[in-house]
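Below, each chain spelled out in residue letters.
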Amino acid sequence: MRKKKTIYLVRHGEAEHNLKEPPRLYRGPLAELTELGHQQAQCIAERASKLPIDALIASTMVRAQQTAGHISRRIDKSIIACEFFVEVLLPSQLEGKVWLDPEVQRIHDEWGATMYTHQRVLDGENFPDIQHRSHQALRYLEDRPEENIMVVTHGLFKRALVATVVLGDYISAAALQKMEFSFRTVNTGLTILSFDPDDKYSKWSMLSWNDYGHL
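Small disclaimer: the values here were computed from a predicted structure and weren't measured.

(A) Region of interest: the overall build of the protein chain. The helix and strand tally for the protein chain stands at 6 helices and 8 strands. Listing each helix as α and each strand as β along the protein chain from the N terminus yields β-β-α-β-α-β-β-α-α-β-α-α-β-β. Counting only C-alpha atoms, the protein chain reaches 50 × 40 × 25 Å along its principal axes. Looking at the protein chain as a whole, 50% of its 215 residues qualify as buried. Relative to all contacts within the protein chain whose residues are 6 or more apart in sequence, the contacts with residues 24 or more apart total 70%. In the structure as shown, the protein chain presents an accessible area of about 10500 Å², 53% of it carried by carbon and sulfur atoms. Across the protein chain, the centroid of the 26 positively charged side chains sits 4 Å from that of the 28 negatively charged ones.

(B) Examining the packing of helix α4 (residues 127-143) against helix α5 (residues 155-167) more closely. Across the interface, α4 lies against α5 with an axial gap of 9 Å and an inter-helix angle of 75°. In terms of axis orientation, α4 runs roughly perpendicular to α5. Within the contact between the two elements, α4 uses I130, R133, S134, H135, A137 and L138 and α5 uses F157, A160, L161, T164 and V165. Residues of the contact of α4 with α5, tallied by class, amount to 7 nonpolar, 3 polar and 1 charged.

(C) Structural view of the packing of helix α1 (residues 35-48) against helix α2 (residues 62-75). The N-to-C vectors of α1 and α2 enclose an angle of 35°; their axes lie 8 Å apart at closest approach. α1 and α2 meet at a crossing whose hand is right-handed. Residue-level inspection shows H38, A41, Q42, I44, A45, E46 and A48 of α1 in contact with α2, the latter providing Q66, T67, H70, I71, R74 and I75. Here the contact of α1 with α2 is composed, by residue class, of 6 nonpolar, 5 polar and 2 charged.

Definitions and limits used
Residues numbered from 1 in each chain as written. Predicted model: local features only at pLDDT ≥ 70, side-chain atom pairs only at ≥ 80, totals over all residues. Heavy atoms only, no water. Helix = DSSP H or I, 4+ residues; strand = E, 2+ residues; numbered from the N terminus. Buried < 20%, exposed > 50% of the residue type's maximum accessible area, 1.4 Å probe, protein only. Contact = heavy atoms within 4.5 Å. Areas by Shrake-Rupley, 256 points an atom, 1.4 Å probe, with all protein chains shown as cover. Lys, Arg positive; Asp, Glu negative; His and termini not counted. Charge placed at Lys NZ, Arg CZ, Asp CG, Glu CD. Axes fitted to C-alpha atoms, helices over the stretch in contact; angles between N-to-C directions. Parallel < 35°, antiparallel > 145°, perpendicular 65-115°, else oblique. Nonpolar A, V, L, I, M, F, W, Y, C, P; charged D, E, K, R; others polar. Left-handed = near helix turned anticlockwise from the far one by under 90°.

Structure representation (structure tokens):
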């Protein structure tokens, strides 16, 4: 039987791909935290120690696992790795390439222009993929037995989850695209969701967005 629960969504700490200066490589799932990213992760870990966390779930991507590692050590909870919470996937052909390379920019721009459509560029995710995975992630959380769950995820996918919670059946590619640029996130920013299976108006709701007071 599903029960009422609170979900603490955390964006990972600053990672290599968040840096702007060249030479900037796209490392995809393998991007690691910077020194600042580790410091940010320690800050959210300290904050997590004051929350009633029953389970710690994290994206399988390295930067999320490293962030979760700091939290895990501070609250003494093991990390549950889950593919549902990885970042929206760019074409894998970009991995290991220099961002300023003209061909890399061409592929990235082509993917970005079609991400919020039903078109597909190479193996990058598009809107139907993101929408499907968001619903999978929420159902996964609904079915878990814990009442207080912390999830370490990524900026864009975090917005997709929140869009699904806030808009429900009204979500569209255009709405998600608007949220990408108007719902800003900070590394290790904390967003809190609530799930109540007995709420007749909205089972999912958002309690707070992108709280980074711990920084």
